[in-house]
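Next come the chains, spelled out residue by residue.
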Amino acid sequence: MMRRWTYLVSGYLVICILGWAGPTAAAEKLKVVASFSILADFVAQVGGDRVSVTSLVGPDSDAHVYEPTPEDVAKLIQQVRQQKASALFVENISDKRLIEQIGRETGLKIAGALFSDALSKKDGPA
């Protein structure tokens, strides 16, 4: 059950890119929420000084034992609405039901899959 929740969180909250498609001032940093430190580091390395990254599960913490509470079901919908997020991403090995619910409640679409814990089949995209 814990592992399932971990994959749900990893998949559903992997990266919620806030404001990516909307116009922003050059001085404003793009706000990004990643589910765990590896993805947060990846986003920080790619985005550089143009992003402000928050990780739900920080360094030296195990994302596989993280279990979100209903409150964690991580205020995310409220934050996504407030920050006018423009995209949701799901981990390829995750159950998409929660992220689809978040998408329905916020009007966002799943923009793509992330491959962080497992690659796709040989003939797949990763």
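That block above? That's the structure.
For the structure given in this document, a descriptive report is provided here. Fair warning: this is a prediction, and the values are worked out from it, not measured in the lab.

Quick notes on the environment of Leu30
You can see Leu30 is positioned in strand β2 (residues 30-36). Classification of Leu30 by relative accessible area gives buried; the value is 15%. Taking the C-alpha atoms as reference points, Leu30 and Arg50, 20 residues apart in sequence, are found 6.1 Å from one another.

Observations concerning unusual backbone geometry
Of note in the backbone geometry, Asp60 takes a positive phi value of approximately 60° without being a glycine. Mapping Asp60 onto the fold places it in the loop between β3 (51-57) and α3 (76-83). Residue Asp60 is classed as exposed on the basis of its relative accessible area, which comes to 85%. Of note in the backbone geometry, Lys84 takes a positive phi value of approximately 55° without being a glycine. Checked against the element boundaries, Lys84 lands in the loop between α3 and β4 (87-91).

Digging into the nonpolar core
The biggest cluster of nonpolar side chains holds 10 residues, and these are Leu76, Ile77, Val80, Ala85, Leu88, Val90, Leu98, Ile99, Ile102 and Leu108. Elements with a contribution of two residues or more to this core: α3, β4 and α4 (97-106).

Re the packing of α3 against α4
Each pair of packed helices gets described by two things: the angle between the helix axes and the distance between those axes. Between α3 and α4, the shortest axis-to-axis distance is 10 Å and the interhelical angle comes to 45°. Judged on the interaxial angle alone, α4 and α3 are oblique. Here α3 runs over α4; the crossing is right-handed. Residues Leu76, Ile77, Val80 and Arg81 of α3 lie in contact with α4, whose contacting residues are Ile102, Glu105 and Thr106. Residues of the contact of α3 with α4, tallied by class, amount to four nonpolar, one polar and two charged.

Some details on the pairing of β3
Pairing analysis gives six bridges linking β2 to β3, with the strands arranged parallel. In the strand pairing of β3, Phe36 is matched with Val57. Between the parallel elements β2 and β3, the chain passes through helix α2 (residues 37-47) in a crossover that is right-handed.

Overview of the environment of Ala111
If you trace the backbone, Ala111 turns up in strand β5 (residues 110-114). Note on Ala111: relative accessible area 47%, which makes it partly exposed. Residues Ala111 and Leu88, spaced 23 residues apart in sequence, show a C-alpha to C-alpha distance of 5.6 Å. Residues within four places of Ala111 in sequence aside, it is in contact with Ala87, Leu88 and Phe89.

Points about the pairing of β5
Direction of pairing for β4 relative to β5: parallel, over a ladder of four bridges. Paired with Phe89 across the strands is Gly112, a residue of β5. Traced from β4 through α4 to β5, the parallel crossover comes out right-handed.

Reading the values: rules and limits
- Residues numbered from 1 in each chain as written.
- Predicted model: local features only at pLDDT ≥ 70, side-chain atom pairs only at ≥ 80, totals over all residues.
- Heavy atoms only, no water.
- Helix = DSSP H or I, 4+ residues; strand = E, 2+ residues; numbered from the N terminus.
- Buried < 20%, exposed > 50% of the residue type's maximum accessible area, 1.4 Å probe, protein only.
- Core = buried A, V, L, I, M, F, W, Y, C linked by side-chain atoms within 4.5 Å.
- Axes fitted to C-alpha atoms, helices over the stretch in contact; angles between N-to-C directions.
- Parallel < 35°, antiparallel > 145°, perpendicular 65-115°, else oblique.
- Left-handed = near helix turned anticlockwise from the far one by under 90°.
- Contact = heavy atoms within 4.5 Å.
- Nonpolar A, V, L, I, M, F, W, Y, C, P; charged D, E, K, R; others polar.
- Pairing = 2+ DSSP bridges.
- Right-handed = clockwise from strand over helix to strand, strands pointing away.

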